[in-house]
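Below, each chain spelled out in residue letters.
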Amino acid sequence: MQRGDAPVVVDDFVTGDRARLAGVPSYDLDLSSAEAAGHLEAIMRSERIEAVIHFAARKQVAESVQKPLWYFSQNIGGLATVLDAMSRVNVRSIVFSSSAAVYGDADGVVGEDAPTDPVNPYGQSKLAGEWLVADVARASELRAISLRYFNVAGSGWPDLADRAVLNLVPMVFERLDADEGPEIFGDDYGTPDGTCVRDFVHVLDVAEAHLVALAALPSQHALHRVYNVGTGTGASVREVVEGIRRRSSDAPDAVVRPRRVGDPASVVADVRRIDEELGWRARFTLDDILDAAWSSRRRA
Ligand SMILES: NC(=O)c1ccc[n+]([C@@H]2O[C@H](COP(=O)([O-])OP(=O)(O)OC[C@H]3O[C@@H](n4cnc5c(N)ncnc54)[C@H](O)[C@@H]3O)[C@@H](O)[C@H]2O)c1
């Protein structure tokens, strides 16, 4: 909106919060429902939609293991609805929210050409989503970009706290709110401080990557292009935990627990492709991320 776009949101508001959309037109629609494509087509026509960023997905890994059918019907069914409506209205640009989860247990610095081997239905639904987008692009005039986000954190504005306790920063906040020490799962990995290393990327940087992708799509030569969205720099779980504790006056000490099954030691994005092809690179540091997350926590 700040640069003059007129976004329209379609969401079923199951995890989304309509109160955060002040001034943005929005429609309440479960994209996986049988009648959704027709509704979405009508919305796209009346709102004169020119391009789509498809964020909507269920994203709880443990839940996806329990309910694989539902995850596929939600995430793939929802995406199919969006692509169907786009083709009916002749909208030709889509940015798809993919995830580093497509790399499965990859360890180290991961480039886009690394093998994809997701280890849970959530990650599989993201990889299948990329395939579907690519297949539709091959069969039509669609141009598509899948952005594989690494560990998104921070908040764009102080009143936009990440309230879902699924990622490390909200998990640390939840422990502090309960006056308990933040948990660290394993401190005997082969990493500099023994705790897992991840690529934490500021949500504002992630947002910017979408704008850059949208701008590139109309003249993109490839039908479908995949890009990592990370910083290219790893930070350890202990660095994040201690960074948050330092921002608090009375945080209890961290508690080290045994390793969790399936946590690779280190996963960091190779970000050269998006830099070279789209001219995007992350601007914010881990301190910026923690400052933003901390100020939004005070407001949550
Ligand atoms: N947050 C991360 O660290 C991360 C990392 C990798 C990928 N992603 C992907 O980014 C996207 C956005 O994630 P988020 O963290 O903002 O999660 P979120 O839960 O805040 O956003 C997902 C939105 O999609 C909506 N939604 C889900 N299924 C829907 C359906 N069937 N019909 C209509 N609306 C539906 C939800 O109500 C919610 O508003 C997702 O596709 C997710 O898989 C997120």
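Keep in mind that what you see is a predicted model, and the values were worked out from it rather than measured.

## Here's the deal with the packing of helix α5 (residues 168–177) against helix α7 (residues 237–247)
Part 1 of the reasoning: Running from N to C, α5 and α7 point in directions that differ by 45°, and their axes come no closer than 10 Å. On the basis of the axis angle, α5 is oblique to α7. Of the two elements, α5 crosses α7, and the hand of that crossing is right-handed. When α5 is examined against α7, the residues L168, V169, V172, F173 and L176 are found in contact with a partner set consisting of V237, V240, V241 and I244.
Part 2 of the reasoning: In terms of residue class, the contact of α5 with α7 is made up of 9 nonpolar, no polar and no charged.

## Focus on the nonpolar core
Grouped burial of nonpolar side chains is what soluble globular proteins tend to show.
Part 1 of the reasoning: In this structure, Y103, I145, L147, V229, I274 and L278 are the most contacted members of the largest nonpolar core, which totals 26 residues.
Part 2 of the reasoning: Among the secondary structure elements, those contributing two or more residues to this core are β6 (143–149), α6 (203–216), β11 (224–229), β14 (266–269) and α8 (272–278).
Part 3 of the reasoning: Ranked by residues supplied to this core, first place goes to α6 with 5 residues.
Part 4 of the reasoning: In contact with I145, not counting residues within four places along its chain, are I94, V95, F96, A213, L217, Q220, H224, R225, Y227 and L278.

## Notes on the sheet that holds strand β3 (residues 52–54)
Part 1 of the reasoning: Taking strand neighbours across the sheet as the criterion, the 4 strands line up as β3-β4-β6-β11 in an open arrangement whose pairing is parallel. Strand pairing shows two members of the sheet lacking a second neighbour, β3 and β11, which therefore form its edges. Recorded for the sheet is a direction-independent mean angle of 20° between the axes of neighbouring strands.
Part 2 of the reasoning: Judged from the 7 bridges that link them, strand β4 (residues 93–99) and β6 form a sheet pairing that is parallel. In the sheet register, I94 faces β6, and the bridge partner there is A144.
Part 3 of the reasoning: Relative to the sheet, α6 contacts β3, β4, β6 and β11, its axis offset from that of β6 by approximately 165°.

## Things to note about the environment of T15
Part 1 of the reasoning: With respect to the helices and strands, the residue T15 is situated in the loop between β1 (9–11) and β2 (26–28).
Part 2 of the reasoning: Put simply, T15 and A56 are 41 residues apart on the chain and 9.8 Å apart in space, counted from C-alpha to C-alpha.

## Regarding the site of the ligand
Part 1 of the reasoning: Around the ligand sit 25 residues in total, of which D11, T15, F55, K59 and Y122 are the nearest.
Part 2 of the reasoning: V14 has a polar backbone atom sitting 3.3 Å from an oxygen atom of the ligand.
Part 3 of the reasoning: Within the side chain of Y122, one N or O atom sits 2.6 Å away from an oxygen atom of the ligand.
Part 4 of the reasoning: Within the complex, the protein chains bury 84% of what would otherwise be the 810 Å² of accessible surface of the ligand.
Part 5 of the reasoning: Looking at the shell around the ligand, the elements with two or more residues in it are β4 and α4 (121–138).
Part 6 of the reasoning: For the shell around the ligand, the element with the highest residue contribution is β4, accounting for 3 residues.
Part 7 of the reasoning: Of the residues belonging to the shell around the ligand, the class tally is 11 nonpolar, 8 polar and 6 charged.

## Observations concerning the sheet that holds strand β9 (residues 197–198)
Part 1 of the reasoning: Reading across the sheet, the 4 strands line up as β5-β14-β9-β12 and stay open at both edges, with mixed pairing between neighbours. Only two strands of the sheet have a single partner each, and these edge strands are β5 (108–110) and β12 (235–236).
Part 2 of the reasoning: Here 2 bridges tie β9 to β12, and the two strands are oriented antiparallel to one another. Bridging from a neighbouring strand, R198 pairs with A235 of β12.

Procedures and definitions
Residues numbered from 1 in each chain as written. Predicted model: local features only at pLDDT ≥ 70, side-chain atom pairs only at ≥ 80, totals over all residues. Heavy atoms only, no water. Axes fitted to C-alpha atoms, helices over the stretch in contact; angles between N-to-C directions. Helix = DSSP H or I, 4+ residues; strand = E, 2+ residues; numbered from the N terminus. Parallel < 35°, antiparallel > 145°, perpendicular 65-115°, else oblique. Left-handed = near helix turned anticlockwise from the far one by under 90°. Contact = heavy atoms within 4.5 Å. Nonpolar A, V, L, I, M, F, W, Y, C, P; charged D, E, K, R; others polar. Core = buried A, V, L, I, M, F, W, Y, C linked by side-chain atoms within 4.5 Å. Buried < 20%, exposed > 50% of the residue type's maximum accessible area, 1.4 Å probe, protein only. Pairing = 2+ DSSP bridges. Near = heavy atom within 4 Å. Polar contact = N/O pair within 3.5 Å; in protein donor to acceptor, adjacent residues only side chain to side chain. Areas by Shrake-Rupley, 256 points an atom, 1.4 Å probe, with all protein chains shown as cover.

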